[in-house]
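A closer look at the structure
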Amino acid sequence: DAKTTQPPSMDCAEGRAANLPCNHSTISGNEYVYWYRQIHSQGPQYIIHGLKNNETNEMASLIITEDRKSSTLILPHATLRDTAVYYCIVRSSNYQLIWGAGTKLIIKP
Amino acid sequence: SAVISQKPSRDICQRGTSLTIQCQVDSQVTMMFWYRQQPGQSLTLIATANQGSEATYESGFVIDKFPISRPNLTFSTLTVSNMSPEDSSIYLCSVDRDGGGQYFGPGTRLLVL
């Protein structure tokens, strides 16, 4: 399974867009990119996933580069409740999710 | 969406004892997953549990230490046996989400003294 690299922490002002990068340079053709977040003292929450096309849902947008070696999660209007650890995961077909250290995103008023 | 509950939500246990953690899902699912999250760390998959068959354990985890039951399509238990302080973690169960991804339970916070 491909490994992901994320910055350990980021700050973002409330109301601004939060852009969280992820590198997955060894991703293979059948591996999806998944994003989860974990708010303190809670279980992880699914955000979005994609294969090669950009994706958008009610929570966020996912931008995947054409070579698929990196992606960016965009929270368009960050609120204080978006403060959490965000995990970028590459998942293969055997259902195993390999979790990296994630990015601790702090939204500041 | 699937709603997952876990019991207990937290516990403090003495070393050498065992704790059984329950995971209940509000819909029938084929596979359930058990994870461990050690303090300040990310998640590590312990095992995958299918109803009617033995759980599949990941490298570093064995059935004697973490026996799992899966009696039906909505329920599973994970037992942490002969506990030591190194077992102090958050234990999470999850299920697959239609369309991709997983739903997670709220976790069980275990402290072993």
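The notes below deal with the structure included here. Predicted model, so just to flag it, every value in this text is computed and none were measured.

Rules and cut-offs
Residues numbered from 1 in each chain as written. Chains lettered and ligands numbered in written order. Predicted model: local features only at pLDDT ≥ 70, side-chain atom pairs only at ≥ 80, totals over all residues. Heavy atoms only, no water. Phe/Tyr/Trp six-rings, centres within 6.5 Å; stacked < 30°, edge-to-face > 60°. Helix = DSSP H or I, 4+ residues; strand = E, 2+ residues; numbered from the N terminus. Buried < 20%, exposed > 50% of the residue type's maximum accessible area, 1.4 Å probe, protein only. Pairing = 2+ DSSP bridges. Axes fitted to C-alpha atoms, helices over the stretch in contact; angles between N-to-C directions. Salt bridge = Lys/Arg side-chain N within 4 Å of Asp/Glu carboxyl O. Contact = heavy atoms within 4.5 Å. Buried area = accessible area lost by both parts, 1.4 Å probe. Polar contact = N/O pair within 3.5 Å; in protein donor to acceptor, adjacent residues only side chain to side chain. Disulfide = S-S within 2.5 Å.

Concerning the packing of aromatic side chains
Taken as a whole and judged by the stated rule, the model has eleven aromatic pairs over all chains. Here the aromatic rings of Trp99(A) and Phe104(B) are separated by 5.6 Å at their centres, their planes lie at 85°, and the arrangement is edge-to-face. In this pair, Trp99(A) sits in the loop between strand 8 (84-91) and strand 9 (103-108) while Phe104(B) sits in strand 10 (residues 102-104), so the two residues belong to two different chains. In this structure, Trp99(A) and Phe104(B) share a single accessibility class: buried. Note on Phe66(B) and Tyr91(B): the rings are 6.5 Å apart at their centroids and 45° apart in plane angle, and the pair reads as tilted.

Considering the sheet that holds strand 1 (residues 9-13) of chain A
Within a sheet, each strand pairs with its neighbour through backbone hydrogen bonds, oriented either parallel or antiparallel. All names here are of chain A. The strand order 1-9-8-3-4 describes an open sheet built from five strands, whose pairing is mixed. Here the strands that pair on one side only, and so sit at the sheet edges, are strand 1 and strand 4 (45-50). Across the sheet, the axes of successive neighbouring strands diverge by a mean angle of 25°, strand direction being ignored. Judged from the five bridges that link them, strand 1 and strand 9 form a sheet pairing that is parallel. Residue pairing for strand 9: Ala13 is matched across the bridge by Lys108.

Remarks on the pattern of salt bridges
Per the stated rule, a full pass over the model turns up four salt bridges over all chains. With a shortest N-O distance of 3.0 Å, Asp11(A) and Lys108(A) are connected by a salt bridge. Of this pair, Asp11(A) sits in strand 1 while Lys108(A) sits in strand 9, placing them 97 residues apart in sequence. Note on Asp11(A): relative accessible area 47%, which makes it partly exposed. Judged by relative accessible area, which is 42%, Lys108(A) ranks as partly exposed. Close ionic contact of Asp87(B) with Lys65(B) constitutes a salt bridge, the shortest N to O distance being 2.6 Å.

So, the interface of chain A and chain B
With 17 residues of chain A at the contact, the number on the chain B side is 20 residues. Summed over both sides, the interface between chain A and chain B buries roughly 1,300 Å², with carbon and sulfur atoms accounting for 53% of that surface. Our count for the contact surface shared by chain A and chain B stands at one salt bridge. Where Asp96(B) meets Arg91(A), a salt bridge forms, and the shortest distance between an N and an O atom there is 3.7 Å. On inspection of chain A and its partner chain B, the count reaches five residue pairs in polar contact (both at pLDDT 80 or more). Taken together, the elements giving at least two residues each to the side of chain A that touches chain B come down to strand 3 (32-38), strand 4 and strand 8 of chain A. Considering every element that reaches the side of chain A that touches chain B, the biggest residue donor is strand 3 of chain A, with three residues.

Some remarks on the state of the cysteines
Covalent bonding between the sulfur atoms of two cysteines defines a disulfide. Enumeration over the complete set of coordinates arrives at two disulfides over all chains. Bridging Cys22(A) to Cys88(A), the disulfide has an S-S length of 2.1 Å. Between Cys22(A) and Cys88(A) the disulfide shows an S-S torsion of about -80°. By sign, it is left-handed. Here Cys22(A) is found in strand 2 (residues 18-23), whereas its partner Cys88(A) is found in strand 8, with 66 residues between them in sequence. The disulfide that involves Cys23(B) links it to Cys93(B), with 1.9 Å between the sulfurs. Here the disulfide of Cys23(B) and Cys93(B) is right-handed, its torsion about the S-S bond being about 75°.

A closer look at the sheet that holds strand 2 of chain A
All names here are of chain A. The sheet built from four strands is open, its strands ordered 2-7-6-5 with antiparallel pairing. Of all the strands in the sheet, just strand 2 and strand 5 (55-56) have a single pairing partner and so form its edges. Pairing of strand 2 with strand 7 (residues 70-75) involves six bridges; the strand directions are antiparallel. Following the sheet pairing, Asn19 is matched in strand 7 by Ile74.

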